[in-house]
Amino acid sequence: AVVRAALVAADAVDDGGGSCVQSAIRIVAAATRDAMLRRCVLSNKTGFTPTGATRFRRDVDAVRACFAPYLRRADNYLGPLTECGVLLNLDSSDARALVAAVDAELRAAAASAGVRGTEPNPALGKAEAGAALERLREAHGVHRLTASQVARVLSKRSDAGRGGP
């Protein structure tokens, strides 16, 4: 409580620039985000069960609550983790639809880049694949993660049909 009060007081001092405390907190928040994204989600070899996905979302909420008093926009730093929590907790049918849209978008992008062995879905052009993915991203509030990151996160679900337990 004393440290918290000192940090809030130090941050309230307007010295014409960003405070050292605020800068340090931003650095710690970004490092926390990167470490959790890499170690807890993307490097997770066993995948997420529904219970594990719920726990992850609660952990992200707790981390955000720790930073919220010190960062005016904690989601600017922790947003990708929040999006991982959303993806891991999607209804199975929504997750499968998003997997299909991401796969179509990545296939279309690879085919247009001339990558051998990639065939775009003949029913969807690159624009249609991108539009379908954007509609799903908008519906679920997933804007910060790239298409390949979305695919990797979804592949960690035990029920998405792309790996996991």
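Everything below is about the structure printed above this text.
Only a predicted model underlies this, so the values are computations on that prediction, with no experimental measurement involved.

Rules and cut-offs
- Residues numbered from 1 in each chain as written.
- Predicted model: local features only at pLDDT ≥ 70, side-chain atom pairs only at ≥ 80, totals over all residues.
- Heavy atoms only, no water.
- Helix = DSSP H or I, 4+ residues; strand = E, 2+ residues; numbered from the N terminus.
- Buried < 20%, exposed > 50% of the residue type's maximum accessible area, 1.4 Å probe, protein only.
- Contact = heavy atoms within 4.5 Å.
- Areas by Shrake-Rupley, 256 points an atom, 1.4 Å probe, with all protein chains shown as cover.
- Salt bridge = Lys/Arg side-chain N within 4 Å of Asp/Glu carboxyl O.
- Lys, Arg positive; Asp, Glu negative; His and termini not counted.
- Polar contact = N/O pair within 3.5 Å; in protein donor to acceptor, adjacent residues only side chain to side chain.
- Expected span 1.5 Å × (residues − 1).
- Axes fitted to C-alpha atoms, helices over the stretch in contact; angles between N-to-C directions.
- Parallel < 35°, antiparallel > 145°, perpendicular 65-115°, else oblique.
- Left-handed = near helix turned anticlockwise from the far one by under 90°.
- Nonpolar A, V, L, I, M, F, W, Y, C, P; charged D, E, K, R; others polar.

Trainee: Got a minute to help me understand the overall build of the chain in this structure?
Mentor: What the chain contains, in helices and strands, is 7 helices and 0 strands. Element order for the chain, N to C, with α for helix and β for strand: α-α-α-α-α-α-α. Across the 165 residues that make up the chain, the buried fraction comes to 34%. For the chain, contacts bridging at least 24 residues in sequence account for 69% of all contacts bridging at least 6. Put simply, the chain shows about 9300 Å² of open surface, and 56% of that area lies on carbon and sulfur atoms.

Trainee: Looking at this structure, how should I read the pattern of salt bridges?
Mentor: Oppositely charged side chains can pair when the atoms bearing their charge come close. By the definition in use, this model includes 6 salt bridges. Linking Asp75 and Arg64 is a salt bridge whose minimum nitrogen-to-oxygen distance equals 3.0 Å. Remark: Arg64 occurs in helix α3 (residues 50-67) and Asp75 occurs in helix α4 (residues 74-88); sequence separation between them is 11 residues. Here Glu134 and Arg137 are joined by a salt bridge, their closest N and O atoms 3.7 Å apart. Of the two residues, Glu134 and Arg137 are both situated in helix α6 (residues 126-140); the distance of 3 residues between them amounts to about one turn of the helix. Classification of Arg137 as buried rests on a relative accessible area of 8%.

Trainee: Teacher, can you tell me more about the side chain of Lys156 here?
Mentor: Relative to the elements of secondary structure, Lys156 occurs in the segment after α7 (147-155). Within the buried set, Lys156 has no salt-bridge partner at all; the shortest N-O distance to an opposite charge, 13 Å, is to Asp159. At a separation of 3.1 Å, a polar atom in the side chain of Lys156 contacts the main-chain carbonyl oxygen of Asn44. Aside from chain neighbours lying at most four places away, what touches Lys156 is Val41, Leu42, Asn44, Gly47, Phe48 and Leu88.

Trainee: Even after reading the chapter, I still don't get helix α2 (residues 20-42), so can you show me in this structure?
Mentor: Along an α-helix, residues three or four apart share an orientation, since each turn contains 3.6 residues. For α2, built from 23 residues, the straight-helix expectation of 33 Å at 1.5 Å per residue is met to within 8% by its first-to-last C-alpha distance of 31 Å. Taken together, the buried positions of α2 are occupied by Gln22, Ile25, Ala29, Ala30, Arg33, Met36, Leu37, Val41 and Leu42.

Trainee: Got a minute to help me understand the packing of helix α5 (residues 92-112) against α7 in this structure?
Mentor: Any two packed helices are characterised by the angle at which their axes cross and by the distance between the axes. It is the contact of α5 with α7, at a shortest axis distance of 10 Å, that shows an interaxial angle of 140°. Between α5 and α7, the crossing angle belongs to the class labelled oblique. Crossing of α5 over α7 shows left-handed handedness. In this structure, α5 contributes Ala95, Leu98, Val99, Val102, Glu105 and Leu106 to the contact, and α7 contributes Ala147, Ser148, Val150, Ala151 and Leu154. Of the residues that constitute the contact of α5 with α7, the class distribution is 9 nonpolar, 1 polar and 1 charged.

Trainee: How should the environment of Ser158 be read in this particular structure?
Mentor: Locating Ser158 in the fold gives a position in the segment after α7. Taking the C-alpha atoms as reference points, Ser158 and Thr49, 109 residues apart in sequence, are found 5.5 Å from one another.

Trainee: Sorry if this is basic, but what is going on with the packing of α3 against α4 here?
Mentor: Their axes nearest at 9 Å, the elements α3 and α4 cross at an angle of 170°. When the axes of α3 and α4 are compared, the pair comes out roughly antiparallel. Contacts from Ala53, Phe56, Val60, Val63, Arg64 and Phe67 of α3 reach α4 at Ala74, Asp75, Leu78, Leu81, Thr82, Cys84, Gly85 and Leu88. Partitioned by chemical class, the residues of the contact of α3 with α4 number 10 nonpolar, 2 polar and 2 charged.

Note that all results are geometric; they support no functional claim without further evidence.
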